[in-house]
Amino acid sequence: MYITIKFLKSSKTIEVFPGNTLLAIARENDIRIPSPCGGNALCGGCRVRVVEGNDPQDVSAEEYNKLTDDQIANNWRLACSFIPYYNISVDI
Ligand code: FES
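These numbers were taken from a predicted model, which means no experiment stands behind them.

1. Considerations on the side chain of Asn54
Tracing the sequence through the fold places Asn54 in the loop between strand S3 (47-52) and helix H2 (61-66). Using a relative accessible area of 16% as the deciding quantity, one classes Asn54 as buried. At 2.9 Å, the side chain of Asn54 and the side chain of Asn75 are in polar contact. In contact with Asn54, other than residues within four places in its own chain, are Asn75, Arg77, Phe82, Tyr86 and Ile88.

2. Some points on the sheet that holds S3
Note: strands within a sheet are paired through backbone hydrogen bonds, in either parallel or antiparallel orientation. One open sheet accounts for five strands, arranged S2-S1-S5-S3-S4; its pairing is mixed. Of all the strands in the sheet, the pair left with one neighbour each is strand S2 (12-16) and strand S4 (76-78). This sheet shows a mean twist of 35° between the axes of neighbouring strands, independent of strand direction.

3. A few points about the nonpolar core
Core analysis: the biggest nonpolar cluster contains 26 residues, and Ile5, Phe7, Leu22, Ile33, Ala79, Ile88 and Val90 have the highest contact counts within it. Counting residues per element, the ones that place at least two in this core are strand S1 (3-7), S2, helix H1 (22-28), S3 and strand S5 (88-90). Per-element accounting of this core gives the leading share, four residues, to H1. Not counting residues up to four positions away in its chain, the partners in contact with Ala79 are Thr21, Leu22, Leu23, Ile33, Cys46 and Val48.

Criteria and thresholds
Residues numbered from 1 in each chain as written. Predicted model: local features only at pLDDT ≥ 70, side-chain atom pairs only at ≥ 80, totals over all residues. Heavy atoms only, no water. Helix = DSSP H or I, 4+ residues; strand = E, 2+ residues; numbered from the N terminus. Buried < 20%, exposed > 50% of the residue type's maximum accessible area, 1.4 Å probe, protein only. Polar contact = N/O pair within 3.5 Å; in protein donor to acceptor, adjacent residues only side chain to side chain. Contact = heavy atoms within 4.5 Å. Pairing = 2+ DSSP bridges. Axes fitted to C-alpha atoms, helices over the stretch in contact; angles between N-to-C directions. Core = buried A, V, L, I, M, F, W, Y, C linked by side-chain atoms within 4.5 Å.

If you want it as structure tokens, here you go:
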């Protein structure tokens, strides 16, 4: 089953089969997300805010390490760790 990812600032809506990180999906669709550590969940530079559809229950250990409690509470995710399995809108 495909999911829909809306990249709001890029004005792109992508349908994908779940399984890839948000960073990989963005790259495949020519949407740039800064990734200083190369997508290895080391720098926190790829953080993005999920505007709609975030599930805080699936925040990964890597995300807890690199995001503040406040960021997690406000639906920030690490694009290189976050694998969306549902329809979302992101602020990029
Ligand atoms: S690219 Fe460095 S934490 Fe995601």
